[in-house]
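Analysis of the macromolecular model
One letter stands for each residue in the lines below.
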Amino acid sequence: MSLVLEAYPNLEILHIRGDAKGDYYDPLGSCLSFTLAEHHYLKTLIIETNFLPESTVNEIVNLNLPNLEYLELWIGNAGLDAVSLIPKISEQFPKLQYLGIRSCEDADEVAKALVSSPLIERLKILDLSMGEMTNQGVEYLLNCPAVNQLHTLNLSMNYISNTEVLNQLTCHVIAEPQYGEYGDRYSALHE
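One structure accompanies this document, and this report is about it. Model, not experiment: these values are computed from the prediction.

What counts, and where the lines are drawn
Residues numbered from 1 in each chain as written. Predicted model: local features only at pLDDT ≥ 70, side-chain atom pairs only at ≥ 80, totals over all residues. Heavy atoms only, no water. Buried < 20%, exposed > 50% of the residue type's maximum accessible area, 1.4 Å probe, protein only. Helix = DSSP H or I, 4+ residues; strand = E, 2+ residues; numbered from the N terminus. Arc of directions from axis to C-beta. Contact = heavy atoms within 4.5 Å. Pairing = 2+ DSSP bridges. Right-handed = clockwise from strand over helix to strand, strands pointing away.

Here's the deal with helix α4 (residues 82-92)
By the burial criterion, the buried members of α4 are Ala 82, Leu 85, Ile 86, Ile 89 and Ser 90. For α4, the angular spread of buried residues about the axis comes to 130 degrees, placing them on one side. More than 90 degrees from the buried face of α4, the exposed residues found are Val 83 and Glu 91. The inward-facing, buried residues of α4 contact α3 (54-61), β3 (70-76), β4 (98-104), α5 (107-115) and α6 (119-122).

This is the structure:
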């Protein structure tokens, strides 16, 4: 993808959507690569795939994108190391206002890492939708006062059994719909 960024130095939005074509592992996600060190104009980066390997996620968070305001990554079941990922995002993207870690199997761990990061204080919108967040992830968010500084918190399409506890938050919360039984999940990427 670095060739695209090099070819378009004034590009402000890059949206990539993978198509797994019925395969469990997404061919796009497994071959997607970023080697470019910096791009000064990119404001929005969206990558939708059902499998985004940790190596690719690390390449993305190591990019020098000083004006990035909107980052949306559909992680899937890549075994994300949220403890190291969230601090990198916080450091690398100082203007970030929207963070979407969507379709993430490790959504509880992402929530846990976010609430102990200064990044949560800068964000306006946090989107952890379409993942596998449970009530444990909600507890992490509820115990973090900085979550109330968000404009919008999107937790829809997870496995949260008690969304009414989210009424304690003063930010705008999107929590419906939720999935029923854990593991009974609909993949929106394949529509």
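After that view, the rundown keeps rolling.
With respect to the pairing of β4
Extensive coverage of β4 is indicated by the burial of seven of its seven residues. Of the strand pairs in this sheet, β3 and β4 are connected by six bridges, and their pairing is parallel. The partner of Tyr 70 across the bridge, within β4, is Tyr 98. One crossover worth recording links β3 to the parallel β4 by way of α4, and it is right-handed.

Focus on the environment of Ala 82
Within the secondary structure, Ala 82 is located in helix α4. Judged by relative accessible area, Ala 82 falls into the buried class, the value being 3%. Non-local contacts of Ala 82, meaning those with residues more than four positions away in its chain, are made with Pro 87, Glu 109, Val 110 and Ala 113.

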